[in-house]
Amino acid sequence: MEELQKELADVRARKQASQKKWYADNKERINNKSKQYYQDNKPRLKKESLVIKQCPFCRTPVRAGSLSHHKQTQKCKELRQMREIYYTTKKDI
């Protein structure tokens, strides 16, 4: 049993080392590729971020670009809790 755990640990360590080496070798290429993507798609991304979407948790209209931030706000969390309480008590009735 201990041999298997040691072998598993060795395999994981080798895999992690090879991943780190690959990332170190390709870091600049990856960064340049992502920068180029955002430069090429800047107008489309900007346009999409300004679209008004509905928060899936509290049903408040929010700009798409700030939706992930909105989900972390206290207002959204409170409204989410109120909706959960409302629907759980509604099922009981």
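Residues numbered from 1 in each chain as written. Predicted model: local features only at pLDDT ≥ 70, side-chain atom pairs only at ≥ 80, totals over all residues. Heavy atoms only, no water.

## Side note on the overall build of the chain
Argument step 1. Counting its secondary structure elements, the chain contains four helices and two strands.
Argument step 2. In sequence order, the chain lays out its α and β elements as α-α-β-β-α-α.
Argument step 3. What you see for the chain is a C-alpha radius of gyration of 23 Å, clearly larger than the 12 Å of a compact globule of 93 residues, by over 25%.
Argument step 4. For the chain, the spread of C-alpha atoms along the principal axes amounts to about 60 × 50 × 20 Å.
Argument step 5. Sorting the 93 residues of the chain into buried and exposed places 10% on the buried side.
Argument step 6. Counting only contacts in the chain whose residues sit at least 6 apart along the sequence, the fraction spanning at least 24 positions is 7%.
Argument step 7. Accessible surface, the chain: about 8600 Å² in total, of which carbon and sulfur atoms supply 55%. (Helix = DSSP H or I, 4+ residues; strand = E, 2+ residues; numbered from the N terminus. Rg over C-alpha atoms; globule rule 2.2 N^0.38 Å. Buried < 20%, exposed > 50% of the residue type's maximum accessible area, 1.4 Å probe, protein only. Contact = heavy atoms within 4.5 Å. Areas by Shrake-Rupley, 256 points an atom, 1.4 Å probe, with all protein chains shown as cover.)

## So, helix α1 (residues 2-40)
Argument step 1. Under the 1.5 Å per step criterion, the end-to-end length of α1 is 53 Å for 39 residues, consistent within 8% with the ideal 57 Å.
Argument step 2. At N26, α1 shows its largest bend, some 60°. (Expected span 1.5 Å × (residues − 1). Bend = angle between axes of the 7 residues up to and from the residue.)

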